[in-house]
Amino acid sequence: MAAASGSKVVLVTGASSGIGAEVARLFVERGHTVYGTSRRPAAVADPVPGVRYVRLDNADYQSAIDCVDEIGAVDVLINNAGESQAGALEDTSMAAIEDLFAANVFGPVALTKAVLPGMRGRGTGTVVMVGSMLSSFPVAFRSNYAATKSALKAFALATRREVAPYGIRMISVEPGTIATGIGDRRSIHIGDDSPYRREYEVLAAATRKNEDAGIDATAMASVIVDAALVEHPKPFYAKGNRAGIVFALRRLMTRQAMLDMTARIHGLPKVRI
């Protein structure tokens, strides 16, 4: 597909590390004006050359308005920032679940709302929601995280038609397992004496192994940037975890069979109920 022409103003959330940093780097290399967000812009340890960092806290919705006011016109928004969580549902407080939804869903929604009026007024714009393949292939002990990423995907796909008459493109992208070290920053909710602890530890070990062998952030960033710049983007993109094969299997297998397969990949045996 042909790429949309001209230099654009791009806002990438969570641009201080991981996928976000690589996305910002690629946009700079392709000649665009790039803003990256961080909760503490002055404290970014390894800033990407050419990126201007601005403050954004996904859980602080006013900071979304302030961020866009500071930048001005935004042509491309990459909603990448978020938090990871794992553990047993019973052991996770409602406060922790609410905090996760604030960071992973409500924050990106607030920022999207902040850029839409300008995009609509100019008759053009692109918003990319970076989710997770756990949305399409949920697994035990990742329920809250998978739910937030499922919400992002549904938001993008439903809003796509809503804003299309105004020249705005909404895109959902699902990374598979990425080797970014996110496991070291994941919040864990499992009690010492939890009845779920043994199986959680099995899943945690498998997750760590899968993440260590995951695709690198640059490969995933290339998919995101290409999707954001193409003239007529698809509604949905996925990469990693043999995405082409597993999404084809998802269409052919029963839902239960797919859930069982996903569990086995994470070290959990099939349980018939």
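The text that follows walks through the structure, step by step, so that each part is easy to find. Everything numeric here is computed off the predicted structure, so don't read it as measured data.

Definitions and cut-offs
- Residues numbered from 1 in each chain as written.
- Predicted model: local features only at pLDDT ≥ 70, side-chain atom pairs only at ≥ 80, totals over all residues.
- Heavy atoms only, no water.
- Helix = DSSP H or I, 4+ residues; strand = E, 2+ residues; numbered from the N terminus.
- Rg over C-alpha atoms; globule rule 2.2 N^0.38 Å.
- Buried < 20%, exposed > 50% of the residue type's maximum accessible area, 1.4 Å probe, protein only.
- 1 Å grid on protein atoms, 1.4 Å probe; cavity = no way out; pocket = protein on both sides within 12 Å on 5 of 7 lines; lining within 4 Å.
- Points joined across faces, edges and corners; volume = space filled by probe spheres on them.
- Nonpolar A, V, L, I, M, F, W, Y, C, P; charged D, E, K, R; others polar.
- Axes fitted to C-alpha atoms, helices over the stretch in contact; angles between N-to-C directions.
- Parallel < 35°, antiparallel > 145°, perpendicular 65-115°, else oblique.
- Left-handed = near helix turned anticlockwise from the far one by under 90°.
- Contact = heavy atoms within 4.5 Å.
- Pairing = 2+ DSSP bridges.
- Core = buried A, V, L, I, M, F, W, Y, C linked by side-chain atoms within 4.5 Å.
- Patch = residues over 30% accessible without salt bridge, like charges linked within 9 Å, V, L, I, M, F, W, Y side chains within 5 Å.
- Areas by Shrake-Rupley, 256 points an atom, 1.4 Å probe, with all protein chains shown as cover.
- Salt bridge = Lys/Arg side-chain N within 4 Å of Asp/Glu carboxyl O.

What about the overall build of the protein?
Here's step 1: When you go through the protein residue by residue, the secondary structure sums to eight helices and nine strands.
Here's step 2: Computed over its C-alpha atoms, the radius of gyration of the protein comes to 19 Å, within 12% of the 19 Å expected for a compact globule of 273 residues.
Here's step 3: Its C-alpha atoms give the protein principal-axis dimensions of about 55 × 40 × 30 Å.
Here's step 4: Counting over 273 residues, the protein shows a buried share of 48%.

Observations concerning the layout of surface pockets
Here's step 1: A volume near 350 Å³ is recorded for the second largest pocket.
Here's step 2: A total of four residues in the lining of the second largest pocket trace back to one element, the largest contributor, which is helix α8 (residues 255-265).
Here's step 3: Across the lining of the second largest pocket, the residue classes tally to 10 nonpolar, one polar and three charged.

Regarding the packing of helix α3 (residues 94-122) against helix α4 (residues 143-163)
Here's step 1: Two elements in contact, α3 and α4, have axes separated by 9 Å at closest approach and are oriented at 20°. By the angle class used here, α3 and α4 are roughly parallel. Judged by the sense of rotation from one axis to the other, the crossing of α3 with α4 is right-handed. Here Ile97, Leu100, Phe101, Asn104, Val105, Pro108, Val109, Thr112 and Leu116 of α3 lie close against α4, whose contacting residues are Asn144, Tyr145, Ala147, Thr148, Lys149, Ala151, Leu152, Phe155 and Val163.

Brief notes about α8
Here's step 1: Within α8, the full set of buried residues consists of Met258, Asp260, Met261, Thr262 and Ala263.
Here's step 2: Positive phi shows up at glycine 267, right after α8, with a value of about 85°.

Regarding the sheet that holds strand β3 (residues 51-55)
Here's step 1: Strand order in the open sheet formed by seven strands is β3-β2-β1-β4-β6-β7-β9, with parallel pairing between adjacent strands. Each edge of the open sheet is held by one strand with a lone partner, namely β3 and β9 (236-239). Going from strand to strand, the sheet's axes swing by 20° on average, the running direction of each strand aside.
Here's step 2: Where strand β4 (residues 76-79) and strand β6 (residues 125-130) come together, four bridges link them in parallel fashion.

Regarding the nonpolar core
For soluble globular proteins, nonpolar side chains are generally found buried alongside one another.
Here's step 1: Counting 32 residues, the largest nonpolar core has Val12, Val23, Phe27, Ile78, Val128 and Ile224 as its most contacted members.
Here's step 2: Those elements that provide at least two residues to this core are β1 (9-12), α1 (18-29), β3, β4, β6, β7 (168-175) and α6 (217-229).
Here's step 3: Ranked by residues supplied to this core, first place goes to α6 with nine residues.
Here's step 4: Excluding its chain neighbours within four sequence positions, the residues that come into contact with valine 12 are Gly20, Val23, Ala24, Phe27, Val34, Tyr35, Gly36, Thr37 and Ile78.
Here's step 5: Core analysis: the next-biggest nonpolar cluster, separate from the first, contains 22 residues, Tyr35, Met119, Val163 and Ile168 among them.

Let's talk about a nonpolar patch on the surface
Here's step 1: Taken together, the side chains of Ile245, Leu249 and Leu252 make up a nonpolar region of the molecular surface, amounting to roughly 310 Å² of accessible area.
Here's step 2: Position of leucine 249 among the secondary structure elements: in helix α7 (residues 243-252).

Considerations on empty space enclosed by the protein
Here's step 1: The full count for this structure, using the stated rule, is one cavity of 30 Å³ or more.
Here's step 2: The space that makes up the largest cavity amounts to roughly 40 Å³.
Here's step 3: Every residue lining the largest cavity is listed: Gln85, Ala86, Gly87, Thr92, Phe141, Arg142, Ser143, Asn144 and Tyr145.
Here's step 4: Of all the secondary structure elements, the ones that give two or more residues to the lining of the largest cavity are β5 (85-87) and α4.

These values are about where atoms sit, not about what they do.
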